[in-house]
Amino acid sequence: MVKDLHVKLPHIYRYFNASGDMKTDVENEANNFEAITMDFTVLQIPRQSVDARFKVVSAILWLGNLQFADIDEERCEFLDGDIKVFELLSEPKYYSIDKLTSAGT
């Protein structure tokens, strides 16, 4: 699941590392993730529903990494590294890259 969701270390995400001094126990976080997925199993929440929730969280974290460049105080454009975020988000074929990038213009 980690590979499917393109999960990275927490310091990669701006939402988690706004101050720039984040220190995370990755092993502990992995254990917490396993515990949460087990909780969903115990509650008999279907695997598809669990996966959908994690996909939404992953997308929110990646969207938080987008940066915008102001063009003329009315329009903006995405910075070069943002196309990689769009490629990750469009991988499941929910949206095309063209639709995602045109939303910012």
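These numbers come from a predicted model, not from an experiment. (Residues numbered from 1 in each chain as written. Predicted model: local features only at pLDDT ≥ 70, side-chain atom pairs only at ≥ 80, totals over all residues. Heavy atoms only, no water.)

J.: Sorry, what's going on with the packing of aromatic side chains here?
T.: Pairs of aromatic rings are described using the distance from one ring centre to the other and the angle between the two planes. Under the defined criterion, the tally for this structure stands at two aromatic pairs. Measuring from ring centre to ring centre gives 5.0 Å for F33 and F54, while their planes differ by 50°; the resulting arrangement is tilted. With F33 in helix 2 (residues 26-42) and F54 in helix 3 (residues 47-63), this pair connects stretches of sequence that are 21 residues apart. Residue F33 is classed as partly exposed on the basis of its relative accessible area, which comes to 23%. For the ring pair F40 and F54, a centre distance of 6.1 Å and an interplane angle of 75° mean the geometry is edge-to-face. (Phe/Tyr/Trp six-rings, centres within 6.5 Å; stacked < 30°, edge-to-face > 60°. Helix = DSSP H or I, 4+ residues; strand = E, 2+ residues; numbered from the N terminus. Buried < 20%, exposed > 50% of the residue type's maximum accessible area, 1.4 Å probe, protein only.)

J.: Any chance you could explain the pattern of salt bridges here in plain terms?
T.: Where charged atoms from two side chains of opposite charge approach closely, those side chains can pair. Counting across every chain of the model gives one salt bridge. For R47, the salt bridge goes to D51, with nearest N and O atoms at 3.4 Å. Of the two residues, R47 and D51 both sit in helix 3, four residues apart, roughly one turn of that helix. Accessibility expressed as a relative area gives 49% for R47, which makes it partly exposed. (Salt bridge = Lys/Arg side-chain N within 4 Å of Asp/Glu carboxyl O.)

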